[in-house]
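Chain by chain, the residues run as shown.
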Amino acid sequence: MKKTLFIIFAFVAIISANGQTKENRPKFNLDFEQVRNNLPRAWNNFGNSGYTLFIDSINAQNGKYSSVIEYKGGTPGYKAWSFTLPNNYEGKEITLSGYIKTENVTEG
């Protein structure tokens, strides 16, 4: 199976909550700009083994970094990044947008 590379480019979230302006809105690291040990801070991952996850500073859509999920072999399946919003935004609208780049995907 050919190497599969998924690069998820900078997620941009527009969170309209409690009348907060862009200047005083909490920073959620949705654009992967806060990094620790080559991983985005506050992000978790789940799914099958056989994938490598890391931050890429070369193929960034917005800002300095993008996140990468790269298939390395083994049992094909899935791997995903996850982020939990630290507040309850009941009754508010949340819009998430992002970019996905794929290379050498032959099935899926």
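This text follows the structure it describes.
Residues numbered from 1 in each chain as written. Predicted model: local features only at pLDDT ≥ 70, side-chain atom pairs only at ≥ 80, totals over all residues. Heavy atoms only, no water.

(A) Structural context of the pattern of salt bridges. Enumeration according to the criterion identifies two salt bridges in this entry. With its nearest N and O atoms 3.9 Å apart, the salt bridge here joins K72 to E70. Look at E70 and you get buried, because its relative accessible area is 7%. In this structure, E103 engages K101 in a salt bridge whose closest nitrogen and oxygen atoms are separated by 3.6 Å. According to the relative accessible area criterion, K101 is partly exposed, its value standing at 29%. (Salt bridge = Lys/Arg side-chain N within 4 Å of Asp/Glu carboxyl O. Buried < 20%, exposed > 50% of the residue type's maximum accessible area, 1.4 Å probe, protein only.)

(B) A look at the side chain of N29. As for its position among the elements, N29 is in the loop between β1 (5–15) and β2 (35–36). Exposure remark for N29: the relative accessible area of 1% places this residue in the buried category. Every residue in contact with N29, bar those within four places of it in the chain, is listed here: Q34, P40, R41 and W43. (Helix = DSSP H or I, 4+ residues; strand = E, 2+ residues; numbered from the N terminus. Contact = heavy atoms within 4.5 Å.)

(C) Just the nonpolar core, in detail. In terms of nonpolar packing, the biggest core is built from eleven residues, these being F28, L30, F32, W43, Y51, L53, I55, I69, Y71, W81 and Y89. Of all the elements, strand β5 (residues 51–56) adds the most residues to this core, at three residues. (Core = buried A, V, L, I, M, F, W, Y, C linked by side-chain atoms within 4.5 Å.)

(D) Region of interest: the packing of aromatic side chains. All chains considered together, the criterion is met by five aromatic pairs. Taking the centre distance of 6.3 Å and the plane angle of 65° together, the rings of F28 and F83 count as edge-to-face. In this pair, F28 sits in the loop between β1 and β2 while F83 sits in the loop between β7 (79–82) and β8 (94–103), placing the two residues 55 residues apart along the sequence. The buried category is assigned to F28, whose relative accessible area is 9%. Using a relative accessible area of 21% as the deciding quantity, one classes F83 as partly exposed. Each residue in the set F28, F32, W43 and F83 is aromatic and connected to the rest through ring pairs, giving one cluster. (Phe/Tyr/Trp six-rings, centres within 6.5 Å; stacked < 30°, edge-to-face > 60°.)

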